Amino acid sequence: MAAATLKDQLNGLVNSMFAEGLLDDQFTQLQMLQDANNPGFIAEVITLFCEDAERLLKELTTLLYFQTLDAYVHQLKGSSSSVGAQHIKHGCIRFRQFCEENSKEGCVHALNLVKHEYYRLKTKFETMVQLEQRIQAYEGQQQQ
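What you are looking at is a predicted structure, and each value in this text was computed from that prediction instead of being measured. (Residues numbered from 1 in each chain as written. Predicted model: local features only at pLDDT ≥ 70, side-chain atom pairs only at ≥ 80, totals over all residues. Heavy atoms only, no water.)

1. Things to note about helix 1 (residues 3-19)
Argument step 1. Spanning 17 residues, helix 1 covers 24 Å between terminal C-alpha atoms, matching the ideal 24 Å at 1.5 Å per step.
Argument step 2. Here helix 1 has its buried residues at Ala 3, Leu 6, Leu 10, Leu 13, Val 14 and Met 17. With its buried residues spanning 95° around the axis, helix 1 presents them on a single face. Opposite its buried face, helix 1 presents the exposed residues Ala 4, Asp 8, Asn 15 and Ala 19, each directed more than 90 degrees away. (Helix = DSSP H or I, 4+ residues; strand = E, 2+ residues; numbered from the N terminus. Expected span 1.5 Å × (residues − 1). Buried < 20%, exposed > 50% of the residue type's maximum accessible area, 1.4 Å probe, protein only. Arc of directions from axis to C-beta.)

Structure below.
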């Protein structure tokens, strides 16, 4: 498959993620940081975000203390904001409100929502990373 076709697929995926509200303008800022000197930047940031989010969601699932929950939710909100994952960020804001209200039921509901949004985004991010890698491999072959 030609690099142009792969780039079209990647652009279509990113555009659909913006249209669905999965991403915000922060992701556009990240895209501008990727260049020929660092062609894997977006893939690296996405991978780090997913690793961090997986760890935080695992911790959140096992915690019972609202102050500890709030600290982890705050951390997840920050990393979500840094990659433009606005649905996760908004879910974390709501989650923190439930922590402040000491609402266990609300926290469980918010955790499930945040997990759902994360796995929805992760699937698309994985596709994005695969397309980026295929584009880089194809362009690397063309330069040889």
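From this point, the discussion proceeds with the structure in view.
2. Topic: the confidence of the model for the protein chain
Argument step 1. Within the protein chain, residue pLDDT values average 91, and 98% of them lie at 70 or more.
Argument step 2. Helix 5 (residues 86-100) holds the highest mean pLDDT among the elements of the protein chain, 94, whereas helix 4 (residues 66-83) holds the lowest, 90. (pLDDT = per-residue confidence, 0-100.)

3. A look at the packing of helix 1 against helix 6 (residues 104-143)
Argument step 1. Where helix 1 meets helix 6, the axes come as close as 9 Å, and the angle between the chain directions of the two elements is 160°. In this view, helix 1 runs roughly antiparallel relative to helix 6, as classed from their interaxial angle. Judged by the sense of rotation from one axis to the other, the crossing of helix 1 with helix 6 is left-handed. Counted together, Ala 3, Leu 6, Lys 7, Gln 9, Leu 10, Leu 13, Val 14, Ser 16 and Met 17 of helix 1 and Leu 121, Lys 124, Phe 125, Thr 127, Met 128, Leu 131, Glu 132, Arg 134, Ile 135, Tyr 138 and Glu 139 of helix 6 form the full contact between these two elements.
Argument step 2. For the contact of helix 1 with helix 6, the per-class residue count stands at 12 nonpolar, 3 polar and 5 charged. (Axes fitted to C-alpha atoms, helices over the stretch in contact; angles between N-to-C directions. Parallel < 35°, antiparallel > 145°, perpendicular 65-115°, else oblique. Left-handed = near helix turned anticlockwise from the far one by under 90°. Contact = heavy atoms within 4.5 Å. Nonpolar A, V, L, I, M, F, W, Y, C, P; charged D, E, K, R; others polar.)

4. Examining the environment of Ala 53
Argument step 1. The residue Ala 53 is located in helix 3 (residues 41-62) in this model.
Argument step 2. Spatially, the C-alpha atoms of Ala 53 and Tyr 119 are 9.9 Å apart, while their sequence positions differ by 66 residues.

5. Here we look at the pattern of salt bridges
Argument step 1. Applying the stated criterion across every chain yields a total of 9 salt bridges.
Argument step 2. Shared partners join several salt bridges into a network, and the residues in it are Glu 20, Glu 117, Arg 120 and Lys 124. (Salt bridge = Lys/Arg side-chain N within 4 Å of Asp/Glu carboxyl O.)

6. Topic: the side chain of Asp 24
Argument step 1. Checked against the element boundaries, Asp 24 lands in the loop between helix 1 and helix 2 (25-33).
Argument step 2. Here Asp 24 falls in the buried class, since its relative accessible area comes to 15%.

7. Describing the nonpolar core
Argument step 1. Core analysis: the biggest nonpolar cluster contains 43 residues, and Phe 49, Phe 95, Phe 125 and Met 128 have the highest contact counts within it.
Argument step 2. The set of elements that each furnish at least two residues to this core consists of helix 1, helix 2, helix 3, helix 4, helix 5 and helix 6.
Argument step 3. Once residues lying within four places of it in the same chain are set aside, the contact partners of Met 128 are Leu 10, Leu 13, Val 14, Met 17, Phe 27, Ile 42 and Ile 46. (Core = buried A, V, L, I, M, F, W, Y, C linked by side-chain atoms within 4.5 Å.)

8. A closer look at the packing of aromatic side chains
How two aromatic rings sit relative to each other is set out by the distance from centre to centre and by the angle between their planes.
Argument step 1. In total, this model carries 5 aromatic pairs according to the counting rule given.
Argument step 2. Here Phe 18 and Phe 27 contribute two aromatic rings whose centre-to-centre distance is 6.4 Å and whose plane-to-plane angle is 65°, an arrangement assigned as edge-to-face.
Argument step 3. For Phe 27, a relative accessible area of 1% corresponds to the buried category.
Argument step 4. An aromatic cluster is built from Phe 18, Phe 27, Phe 49, Tyr 118, Tyr 119 and Phe 125, whose rings are joined through pairwise contacts.
Argument step 5. We note Arg 94 situated over the ring of Phe 98; from NZ or CZ to the ring centre the distance is 4.0 Å. (Phe/Tyr/Trp six-rings, centres within 6.5 Å; stacked < 30°, edge-to-face > 60°. Lys NZ or Arg CZ within 6 Å of the ring centre and 35° of its normal.)

9. What to know about the environment of Val 83
Argument step 1. Along the chain, Val 83 falls in helix 4.
Argument step 2. Considering only alpha carbons, one finds Val 83 and Thr 5, 78 residues apart in sequence, at a separation of 25 Å.
Argument step 3. Leaving out residues up to four positions away in the same chain, Val 83 has contacts with Leu 23, Gln 26, Phe 27, Leu 30, Val 45, Phe 49 and Phe 125.

10. Focus: the environment of Lys 122
Argument step 1. Along the chain, Lys 122 turns up in helix 6.
Argument step 2. The exposure class of Lys 122 is partly exposed, given its relative accessible area of 21%.
Argument step 3. In the structure, Lys 122 is positioned 72 residues away from Cys 50 in sequence and 6.9 Å away in space, judged by C-alpha atoms.
Argument step 4. Those residues in contact with Lys 122 that lie beyond four places of it in its chain are Cys 50 and Glu 54.

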